[in-house]
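Residue-level structural notes
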Amino acid sequence: PLPPPGLPAAPPPAAPGAAPGAQSRPVFTARPMPPPPKYPVFATVMASVDLGFCLIRVLLVLLGIVGLIMMKTGDPLYQTGGLELVTGVGIVLFGIPANILLLMRKPAGVPLGYLNIIFTGLSMLVGLWQGNTLFGKAGGGAEAAGMVSGLGGVLVIRLTLLIVDGAARSQAKKHFAAVGPA
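To start, this report covers the structure provided alongside it.

With that out of the way, let us pick up helix α2 (residues 77–103). With 27 residues, α2 extends 37 Å from end C-alpha to end C-alpha; this agrees with the ideal 39 Å at 1.5 Å per step. At glycine 95, α2 shows its largest bend, some 25°, and a proline, proline 97, comes one to four positions later.

See the structure below:
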């Protein structure tokens, strides 16, 4: 029962078997829960950037299908073209849903994001194979130097983005681990 207005509240009753006049201590005190950790901005930015790259990849896959259809079967890039399409489709199929889920702050985006990273790495390996195939056809001199510097520059940029994207996925994974199941 509550005391009448203006009177102090009665002390809590003594525990059974306690000395007369002893007050019991509260077993549980309600404290406000700390707010959950905020979703990392870096993970949001990288999910947005990678979603843009995945949408561009949709166009590249469609153009690659047309190019593969038009390519002659004896062309040395015919085999690598098919593998490039497979990796491109993997990037699209895993990357777009992963990034949308991460932008929606859903933990299911993390494993899909890691699959996207794997397919991107495979795509880079296919690019190296294609570069090696084309390098054998290069006449040497300035043409070969241009190919090597171009391929090297593209690979450095893609590898950097891949590492940064992996760090963002790892940050999102840590966030979801700290927050607990949704």
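Counted under the stated rule, the structure contains two aromatic pairs. Their ring planes at 45° and their centres at 5.7 Å tell us that tyrosine 39 and phenylalanine 176 sit as a pair that is tilted. Of this pair, tyrosine 39 sits in the segment before α1 (41–70) while phenylalanine 176 sits in helix α4 (residues 142–179), and the two are 137 residues apart along the sequence. Across the pair, exposure class does not vary: tyrosine 39 and phenylalanine 176 are buried alike. Ring plane angle 25° and centroid distance 5.5 Å describe the contact between phenylalanine 94 and phenylalanine 119, whose orientation is recorded as stacked. Of this pair, phenylalanine 94 sits in helix α2 while phenylalanine 119 sits in helix α3 (residues 109–137), and the two are 25 residues apart along the sequence. With relative accessibility at 24%, the residue phenylalanine 94 sits in the partly exposed group.

Moving on, we get to the nonpolar core. Among the nonpolar cores identified, the biggest contains nine residues, and these are Leu51, Cys54, Val61, Leu68, Leu85, Ile91, Val92, Ile96 and Phe119. Counting residues per element, the ones that place at least two in this core are α1 and α2. Apart from residues lying up to four places away in sequence, leucine 51 is in contact with Ile96, Asn99, Ile100 and Leu103. The next biggest cluster of nonpolar side chains, apart from the first, holds seven residues, and it includes Ala43, Ala47, Val110 and Phe176.

Here we come to the pattern of salt bridges. In total, this model carries three salt bridges according to the counting rule given. Between arginine 169 and aspartate 50 there is a salt bridge, and its shortest N-O distance comes to 2.9 Å. In this pair, arginine 169 sits in helix α4 while aspartate 50 sits in helix α1, placing the two residues 119 residues apart along the sequence. For the pair shown, arginine 169 and aspartate 50 are each scored as buried. Of the charged contacts in the structure, one is a salt bridge between aspartate 165 and arginine 169, with a shortest N-O distance of 3.2 Å.

About the criteria used
Residues numbered from 1 in each chain as written. Predicted model: local features only at pLDDT ≥ 70, side-chain atom pairs only at ≥ 80, totals over all residues. Heavy atoms only, no water. Helix = DSSP H or I, 4+ residues; strand = E, 2+ residues; numbered from the N terminus. Expected span 1.5 Å × (residues − 1). Bend = angle between axes of the 7 residues up to and from the residue. Phe/Tyr/Trp six-rings, centres within 6.5 Å; stacked < 30°, edge-to-face > 60°. Buried < 20%, exposed > 50% of the residue type's maximum accessible area, 1.4 Å probe, protein only. Core = buried A, V, L, I, M, F, W, Y, C linked by side-chain atoms within 4.5 Å. Contact = heavy atoms within 4.5 Å. Salt bridge = Lys/Arg side-chain N within 4 Å of Asp/Glu carboxyl O.

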